[in-house]
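Spelled out, the chains give:
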Amino acid sequence: MLHKPAGVVSATEDAQCQTVLDLITEGRKGLFPVGRLDKDTEGLLLITNDGELSHNLLSPTKHVDKTYYVELNGDLIDSDIELFEKGLDIGEKNLTKPAILKILEKRSTALITITEGKYHQVKRMFQAIGLTVTFLKRLTMGPLKLDENLKPGEYRKLTVSEVEALLNNKPRNN
C-alpha cells in the first residue's frame with residue numbers, strides 16, 4: 001500500500017518524472033502499480049508483483065469500487081447526486097457507469113465512488129456538470145482503505161487480513 005503523493009507518476013519507469021516505484025526503497029524487483037492515478041492525484045495505490053490480483057482489481061467486468069475525496073472550484077447541489085447515479089456524458093461512446101456522490105458539509109467537497117477507471121474519469125465527470133476538480137485523493141480500492149498513518153510517499157506491506165480481503169474481494173470488518 002502506497003500513499004501516492006501528487007507530482008509522481010504511476011509507472012514503473014519514466015525518463016522525465018519520479019515514478020511510484022522510485023519511492024520504494026527495497027524489494028522492488030517485479031513490482032508494478034495496480035492501475036494509475038493522475039500525476040496530480042494523491043492517495044491509495046497498490047503496488048504488487050501479482051498479475052492475477054492486478055487483473056481482478058482492474059478488469060471492467062469486476063466493477064471494483066474506488067472512492068475518492070474531491071475538492072471543487074464551486075458548490076455541488078443536491079440534484080447532482082441523481083446525475084451521477086444515472087451516469088454522465090464525458091465525451092465517450094457511452095455514459096459513465098452509475099457513481100455514488102456524497103456531498104460533504106462544505107458543499108465544494110464530496111466523496112465519489114466509481115467502478116470504472118477511464119482516463120481522467122473523476123475530473124471529466126465533474127467537468128460535465130460545470131465544475132473543476134482542484135484536489136483529488138483516492139481513499140479506497142475495493143476492500144482496501146488508505147492507511148491514515150501513511151504520509152504521502154510512504155508505503156507499507158499489506159496485512160494478512162487486507163490480502164485476504166483483496167483475494168476474496170469482500171469488505172473488511174474494520
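Residues numbered from 1 in each chain as written. Predicted model: local features only at pLDDT ≥ 70, side-chain atom pairs only at ≥ 80, totals over all residues. Heavy atoms only, no water.

Trainee: Please explain the pairing of strand S3 (residues 42-45) as it appears in this structure.
Mentor: Successive residues of a regular strand alternate their side chains across the two faces of the sheet. Here strand S1 (residues 2-4) runs beside S3; their pairing, made up of three bridges, is antiparallel. Note on S3: the bridge partner recorded for histidine 3 is leucine 44. When S3 meets strand S8 (residues 133-141), the two strands line up parallel, connected through two bridges. Residue pairing for S8: glutamate 42 is matched across the bridge by lysine 137. (Pairing = 2+ DSSP bridges. Helix = DSSP H or I, 4+ residues; strand = E, 2+ residues; numbered from the N terminus.)

Trainee: So what exactly am I meant to see when it comes to helix H4 (residues 160-168) here?
Mentor: Note: α-helices contain 3.6 residues per turn, so residues at a spacing of three or four share the same orientation. Regarding H4, the residues found buried are Glu162, Ala165 and Leu166. Along the axis of H4, the buried residues cluster in a sector spanning 100°; they form a single face. Summarising the geometry of H4, the exposed residues directed more than 90 degrees from the buried face are Val160 and Leu167. Those residues of H4 that are buried lie in contact with helix H1 (51-58), S8 and strand S9 (144-145). Positive backbone phi, at 50°, marks asparagine 169, one or two positions downstream of H4. (Buried < 20%, exposed > 50% of the residue type's maximum accessible area, 1.4 Å probe, protein only. Arc of directions from axis to C-beta. Contact = heavy atoms within 4.5 Å.)

Trainee: How do you make sense of the pairing of strand S5 (residues 66-72) when you look at a structure like this?
Mentor: A large share of S5 lies buried, amounting to five of its seven residues. Relative to strand S7 (residues 109-114), S5 runs antiparallel, the two sharing six bridges. For glutamate 71, the partnering residue across the bridge sits in S7 and is threonine 109. Pairing geometry for S5 and S8, over seven bridges, is antiparallel. Residue pairing for S8: glutamate 71 is matched across the bridge by phenylalanine 135.

Trainee: Teacher, can you tell me more about the side chain of lysine 4 here?
Mentor: Among the secondary structure elements, lysine 4 is positioned in strand S1. Despite being buried, lysine 4 has no salt bridge partner; aspartate 40 is the closest side chain of opposite charge, sitting 6.8 Å away. One polar contact links the side chain of lysine 4 to the main-chain carbonyl oxygen of valine 8, over a distance of 2.9 Å. Here the side chain of lysine 4 touches lysine 39 through a polar contact of 3.2 Å, landing on its backbone oxygen. (Lys, Arg positive; Asp, Glu negative; His and termini not counted. Salt bridge = Lys/Arg side-chain N within 4 Å of Asp/Glu carboxyl O. Polar contact = N/O pair within 3.5 Å; in protein donor to acceptor, adjacent residues only side chain to side chain.)

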